[in-house]
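Below are the chains, spelled out letter by letter.
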Amino acid sequence: MSRAAYDHKFVKAFPDKLDEGILYVSVEFSTAAHRCFCGCGSEVYTRFSPRDWSMKFNGEVVSINPSIGNWSFPCQSHYILDGGRVHWADKWSRERIELGRLLDRDRKERHYKGELQASPPPRPIEPASRPGILARFTRWLTAR
Ligand SMILES: [Zn+2]
């Protein structure tokens, strides 16, 4: 039976057996876990990252963005977890799933490239124990 609502639990690590109707959130692992809300029993893990899902907690309820498409499970259910309510979305056709996967891969690749450009790896700063070549050159010039 598909659910219309869920509770959340903040955990350090996920329990061996996930309870139905609970969205487990581990900040430690930047991941949420729940049993598919269609009732099929599949365990669904959603990772939080700029390229994957993000979580919103307003002090009472947890929301997850974007929607969760369980394409790799037999149920192929698709829903949005918004403020403790499960909004059921339409199932996708195989073509649409493939297209979605392609777009997702493209989006992630572009994100990784953008990330590399935005933040170069930090370099150690060299202490200025010796004057640089330019400083030595100007000293040589002014000394004459
Ligand atoms: Zn399911």
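Residues numbered from 1 in each chain as written. Predicted model: local features only at pLDDT ≥ 70, side-chain atom pairs only at ≥ 80, totals over all residues. Heavy atoms only, no water.

- Taking an unreviewed UniProt entry as the reference, the protein is identified by name as Glutathione-dependent formaldehyde-activating enzyme belonging to Tsuneonella deserti.

Some thoughts on the nonpolar core
1) Next: If you look at the biggest cluster of nonpolar residues, it comprises 16 residues, and the most contacted ones within it are Leu23, Ile64, Tyr79 and Leu81.
2) Next: Secondary structure elements with two or more residues in this core: strand S2 (22–26), strand S6 (62–69) and strand S7 (78–82).
3) Next: Among the elements that line this core, the one with the most residues is S6, at 3 residues.
4) Next: Aside from chain neighbours lying at most four places away, what touches Ile64 is Leu23, Ala32, Thr46, Phe48, Trp53, Ser54, Met55 and Leu81. (Core = buried A, V, L, I, M, F, W, Y, C linked by side-chain atoms within 4.5 Å. Buried < 20%, exposed > 50% of the residue type's maximum accessible area, 1.4 Å probe, protein only. Helix = DSSP H or I, 4+ residues; strand = E, 2+ residues; numbered from the N terminus. Contact = heavy atoms within 4.5 Å.)

Some words on the sheet that holds S6
1) Next: With antiparallel pairing, the 4 strands of this open sheet are ordered in space as S5-S6-S7-S8. Sheet topology places strand S5 (54–57) and strand S8 (85–88) at the edges, where each strand pairs with a single neighbour. Across the sheet, the axes of successive neighbouring strands diverge by a mean angle of 25°, strand direction being ignored.
2) Next: Pairing between S5 and S6: 4 bridges, direction antiparallel. Counterpart to Ser54 in the pairing with S6 is Asn65. (Pairing = 2+ DSSP bridges. Axes fitted to C-alpha atoms, helices over the stretch in contact; angles between N-to-C directions.)

Section: the coordination of the zinc ion
1) Next: Protein ligation of the zinc ion involves Cys36 (SG), Cys38 (SG), Cys40 (SG) and Cys75 (SG), the donor distances falling in the range 2.2 to 2.3 Å.
2) Next: The site at the zinc ion holds 4 donor atoms, and with the angles between them running 103 to 113°, its shape is tetrahedral.
3) Next: Counting along the primary sequence, the residues that act as donors to the zinc ion give the motif C-x1-C-x1-C-x34-C.
4) Next: Classification of Cys38 as buried rests on a relative accessible area of 18%. (Donors = N, O, S within 2.8 Å, 3.2 Å for Na, K, Ca; no water. Tetrahedral: all angles 85-135°; square planar, octahedral: opposite > 155°, others 65-115°.)

Considerations on the confidence of the model for the protein
Regions with low pLDDT carry predicted coordinates that are not meant to be interpreted in detail.
1) Next: With 78% of its residues at a pLDDT of 70 or more, the protein has an overall mean of 83.
2) Next: Ignoring residues within four places in sequence, the model shows residues 116–123, a span with pLDDT below 50, making 0 contacts including any to other chains. (pLDDT = per-residue confidence, 0-100.)

Thoughts on the pairing of strand S3 (residues 31–35)
1) Next: Summarising burial for S3: 5 of the 5 residues are buried, a large majority.
2) Next: With burial as the criterion, each face of S3 is covered, one bearing Thr31, Ala33 and Arg35 and the other bearing Ala32 and His34.
3) Next: With 3 bridges joining them, S2 and S3 adopt antiparallel strand pairing. Along S3, the bridge assignment pairs Tyr24 with Ala33.
4) Next: Hairpin connection between S2 and S3: a loop of 4 residues separates the two successive antiparallel strands, and Ser30 in this loop has a positive phi of roughly 45°.
5) Next: Relative to strand S4 (residues 43–47), S3 runs antiparallel, the two sharing 5 bridges. Each bridged residue has a counterpart across the sheet, and for Ala33 the counterpart in S4 is Tyr45.

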